[in-house]
Amino acid sequence: MHEPTPPASPPTVLVATWDDGLFVVSAGTVLHELPGHAVSTLAPDGRGGALAIVDGRSLRRRRAAGAWHPITGAAPEGACCVAVGDVVYVGTHDAAVLRVRADGTDAAIERLRGFEQVAGRDHWYAGAAVIDGRRVGPPLGVRSMAVTCDGTVLLANVHVGGIPRSLDGGATWQPTIAIDTDVHEVRAHPTRANLVAAAAGAGLCLSHDGGATWACTDAGLHAPACFAVAFAGDDVLVSAAEGPFAPRGAVYRRAVDDPGPLVRVAGGLPAWLAGGVDTACLAVNGPAIAVADRQGTLYVSPDMGRTWSRAADGLPTPSSVVIV
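In this report, we go over the structure that sits alongside the text.

Criteria and cut-off values
Residues numbered from 1 in each chain as written. Predicted model: local features only at pLDDT ≥ 70, side-chain atom pairs only at ≥ 80, totals over all residues. Heavy atoms only, no water. Helix = DSSP H or I, 4+ residues; strand = E, 2+ residues; numbered from the N terminus. Rg over C-alpha atoms; globule rule 2.2 N^0.38 Å. Buried < 20%, exposed > 50% of the residue type's maximum accessible area, 1.4 Å probe, protein only. Contact = heavy atoms within 4.5 Å. Areas by Shrake-Rupley, 256 points an atom, 1.4 Å probe, with all protein chains shown as cover. Lys, Arg positive; Asp, Glu negative; His and termini not counted. Charge placed at Lys NZ, Arg CZ, Asp CG, Glu CD. Salt bridge = Lys/Arg side-chain N within 4 Å of Asp/Glu carboxyl O. Disulfide = S-S within 2.5 Å.

1. Notes on the overall build of the chain
Link 1 in the chain: Looking only at helices and strands, one finds zero helices and 30 strands in the chain.
Link 2 in the chain: Taken over C-alpha atoms, the radius of gyration comes to 18 Å for the chain, in line with the 20 Å a tight globule of 324 residues would show.
Link 3 in the chain: Projecting the C-alpha coordinates of the chain onto the three principal axes gives extents of approximately 60 × 50 × 45 Å.
Link 4 in the chain: Here the chain holds 324 residues, and the buried ones make up 52% of them.
Link 5 in the chain: Within the chain, contacts between residues separated by at least 24 positions form 43% of all contacts whose residues are at least 6 apart in sequence.
Link 6 in the chain: For the chain, the exposed surface amounts to about 13,600 Å²; the carbon and sulfur share of it is 53%.
Link 7 in the chain: Charge separation in the chain, taken as the distance between the mean sites of 24 positive and 31 negative side-chain charges, equals 2 Å.

Right under this line is the structure:
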């Protein structure tokens, strides 16, 4: 006779916000860290903790136990980051990539000149728009970064400039995917080295060769514009909305090896999420999944998305989410 499977324990979710620090959500409690600071991005540090860009210039590490440690406090304005062993790659708002080699509390910062020589760079353009005479949206910059699970392929999502990739630790870069695909986030599968996904204006884009070539689809989506993407086992999750300022959006899923349409996530996750789910606000760690909408409501699933609950609401506008 088999013993019953114990219920999944509630995950600990870090929700970074654009102007009021970071919120730690776990088992019904919400703790506030770095109040009053802008935390523009979070990323797993590969050691059970997280990396954060604070106030645009300070790269910090949050240990698994919750203590914060500075890595560097004098970097050009960072937009996103990814850890590869003891190295952190930082993408900036001025479309550069930095390599940060940390040693204790000291760090050496290197600007990767090869990224500035990638073919087609002169055709990149900003993703911002002029609405009612006011410029809104992000400038031309690196919006997200990813590395394949074997550490061999580094990918940088430029908004708007495709997904350049590097096979030599950032020394040289090659362009991939059409610039006008309008990519908003790139993610690599945690265990399948050749599998990469991107959320784009053209829908969900998948690569089975480490980002060298891509196939995009919007089948099953209520609107083609996708903003956040993540892998959950052999499934891919993606958020979609009618545009970056749409009042609502939804999250969809599909098996990565299934050519069929995407299906809206159910199980307690609302069919419509307020303002949609932006870049980096969809996170997975093991069986746990977290989704934060633009209105600051956090939904969490402990069981690969079969069931969902509301874990927090009324948070400031989230910039990114990580599960630790």
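2. What about the environment of V238?
Link 1 in the chain: Within the secondary structure, V238 is located in strand β22 (residues 235-241).
Link 2 in the chain: Distance in space between the C-alpha atoms of V238 and A198 is 8.7 Å, their sequence separation being 40 residues.

3. Brief notes about the pattern of salt bridges
Link 1 in the chain: On inspection of all chains with the given rule, the structure shows 14 salt bridges.
Link 2 in the chain: For D45, the salt bridge goes to R61, with nearest N and O atoms at 3.2 Å. In this pair, D45 is assigned in the loop between β4 (39-44) and β5 (50-54) and R61 in strand β6 (residues 58-62), connecting sequence segments 16 residues apart. Here the two residues D45 and R61 agree in accessibility, since each one is buried.
Link 3 in the chain: In this structure, a network of salt bridges that share partners links the residues D94, R111, R113 and E116.

4. Description of the state of the cysteines
Link 1 in the chain: One pass over the structure, following the stated rule, counts one disulfide.
Link 2 in the chain: Put simply, C205 and C216 are joined by a disulfide, and their sulfur atoms are 2.2 Å apart. As the torsion about the S-S bond is roughly 100°, the C205-C216 disulfide counts as right-handed. Placement of the pair is C205 in strand β19 (residues 203-207) and C216 in strand β20 (residues 215-217), with a sequence separation of 11 residues.
Link 3 in the chain: C216 gets classed as partly exposed once you look at its relative accessible area, which sits at 38%.
Link 4 in the chain: Take C81: it sits in no disulfide, and the sulfur closest to it among the cysteines is that of C80, at 7.1 Å.
Link 5 in the chain: Free cysteine: C149, not disulfide-bonded; nearest cysteine sulfur from C81 at 19 Å.

Taken by themselves, the reported measurements are silent on function.
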